[in-house]
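Per-entry structural report
The chain contents come next:
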Amino acid sequence: MVSFRFPFSFSQPPTPPPSATANASSRHSSATTAAAFSLAATLSVAGAGIAISQNPNNPFLQNALNFLVSRRIGISPMWGSLSLSDDSSPVTESRTGTSFPVVLRDSQRLLGVGLRRKAILGLKNIDVYAFGVYADDADVKECLSEKYGDLSASELKGNEKLKEDLMECDVSMTIRLQIVYGRLSIRSVRSAFEESVGSRLQKFSGSDNKELLQSFTSQFKDEYKIPKGSIIDLSKERGYVLRTMIDGKEVGSIESKLLCRSILDLYIGNEPFDRKAKEDVEMNLAALLGK
Ligand code: DAO
Ligand code: DAO
């Protein structure tokens, strides 16, 4: 069985992020990246046959190290295998301790994790859910290689158009949400959704698309419960079908390119819920496509 090494890396802060929190986490990210690279370099000098012990406190670093060392000593096929095996450690969203598998549905690769916070009554922010952004390896390459495959990962890193193209393309993707807030009602989910997704529908189509919004929110029946720990998958399938699953059970699907685009925009668009998550996605996408 081929082994898939997850080359997760972190965003560098190219411009100062707007909030102090984002700033602090970006600094942490850069430091961690630097540590991963220098440690991997040291290890690679020591030669082949290196076994890196598991580092349960920092799976991001562990995965970056696995990738760098395996690449150095040439034991991994890396990108391009048809079926990904998920032998890398899950990645933990650091502020909530929530973990995400690096591979979903055999072929979707984790590109970034983040946190959705929401202000209540303008007073305090609550942590609502942690999320992971996944995209199908083969679809990404099929859709974007021709245009971007000749560039190197570092040339692609700051390329805004690449991320725009990813959101427009017919690529299978999943946004996995893991609920961390313990008192989430379906009514509050509906109204948050109308606000966040509604503003994107307006932005991309110039109209409020009430019917489309309602066709989505009507899937959320009042009797559903989404306690802390629930997992919601928003899966964009080929043909621009948005399928919603709660704890593995399908609650509905809707075909709409506009709705798919609007949902992705919440996580990797210009005003994302978590800037660092978006930067991670950009960086990992560049690593996946770059030559
Ligand atoms: O009134 O208790 C409250 C605060 C609820 C905040 C809800 C935010 C909902 C965000 C969307 C969650 C999607 C799963
Ligand atoms: O965080 O504002 C936001 C938008 C989140 C999208 C939430 C989709 C939630 C689907 C949940 C179904 C629950 C019955």
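Here we summarise the structure given alongside this text. Computed from a predicted structure; not experimentally measured. (Residues numbered from 1 in each chain as written. Chains lettered and ligands numbered in written order. Predicted model: local features only at pLDDT ≥ 70, side-chain atom pairs only at ≥ 80, totals over all residues. Heavy atoms only, no water.)

Things to note about helix α9 (residues 275-289)
- Counted at 1.5 Å a residue, the expected span for α9 with its 15 residues is 21 Å, and the 21 Å between its end C-alpha atoms agrees.
- Among the 15 residues that make up α9, 13 are buried, leaving the element largely enclosed by the rest of the structure.
- A side-chain oxygen of the first residue of α9 lies 3.1 Å from the backbone nitrogen of K276; this N-cap is D274. (Helix = DSSP H or I, 4+ residues; strand = E, 2+ residues; numbered from the N terminus. Expected span 1.5 Å × (residues − 1). Buried < 20%, exposed > 50% of the residue type's maximum accessible area, 1.4 Å probe, protein only. Polar contact = N/O pair within 3.5 Å; in protein donor to acceptor, adjacent residues only side chain to side chain.)

As for the packing of helix α6 (residues 186-205) against helix α7 (residues 210-217)
- Contact geometry of α6 with α7 gives a least axis separation of 10 Å together with a crossing angle of 145°. As for how α6 packs across α7, the hand of that crossing is right-handed. Taking contact as the criterion, the partners of R190, F193, E194, V197, G198 and L201 in α6 are, on α7, L212, L213, F216 and T217.
- When its residues are assigned to classes, the contact of α6 with α7 shows six nonpolar, two polar and two charged. (Axes fitted to C-alpha atoms, helices over the stretch in contact; angles between N-to-C directions. Left-handed = near helix turned anticlockwise from the far one by under 90°. Contact = heavy atoms within 4.5 Å. Nonpolar A, V, L, I, M, F, W, Y, C, P; charged D, E, K, R; others polar.)

Details of the sheet that holds strand β9 (residues 249-255)
- The sheet built from seven strands is open, its strands ordered β3-β4-β5-β6-β7-β8-β9 with antiparallel pairing. Two strands bound the open sheet, and with one partner strand each, they are β3 (103-104) and β9.
- Of the pairings in the sheet, the one linking strand β4 (residues 108-120) to strand β5 (residues 124-136) comprises twelve bridges and is antiparallel in character. In the sheet register, R116 faces β5, and the bridge partner there is Y129.
- With respect to the sheet, α7 is in contact with β7 (231-237), β8 (241-246) and β9, its orientation differing from that of β9 by roughly 165°. (Pairing = 2+ DSSP bridges.)

Digging into the site of ligand 1
- The environment of ligand 1 is formed by K118, I126, V128, Y129, I179, Y181, L184, S188, V189 and A192.
- Surface burial for ligand 1 is 78%, taken as the share of its 440 Å² of free accessible area covered by protein chains.
- In this structure the site holding ligand 1 corresponds to the largest pocket.
- Counting residues per element, the ones that place at least two in the shell around ligand 1 are β5 and α6.
- Taken together, the residues of the shell around ligand 1 sort by class into eight nonpolar, one polar and one charged. (Near = heavy atom within 4 Å. Areas by Shrake-Rupley, 256 points an atom, 1.4 Å probe, with all protein chains shown as cover. 1 Å grid on protein atoms, 1.4 Å probe; cavity = no way out; pocket = protein on both sides within 12 Å on 5 of 7 lines; lining within 4 Å. Sits in = over half its atoms within 2 Å of the grid points.)

Topic: the layout of surface pockets
- The space that makes up the largest pocket amounts to roughly 560 Å³.
- Looking at the largest pocket, it is lined by 33 residues, and the ones nearest its centre are Y129, L184, S188, V189 and A192.
- Listing elements by their share of the lining of the largest pocket, those giving two or more residues are β4, β5, β6 (173-179), α6, β7, β8 and α8 (257-268).
- When grouped by side-chain class, the residues that make up the lining of the largest pocket number 25 nonpolar, five polar and three charged. (Points joined across faces, edges and corners; volume = space filled by probe spheres on them.)

Thoughts on unusual backbone geometry
- Non-glycine residue Y240 carries a positive phi angle of around 60°.
- Within the fold, Y240 resides in the loop between β7 and β8.
- Although it is not a glycine, D247 adopts a positive phi angle of roughly 45°.
- Take D247: it is sitting in the loop between β8 and β9.
- The exposure class assigned to D247 is partly exposed, which follows from its relative accessible area of 43%.

Treat this as a map of the structure, not an account of what it does.
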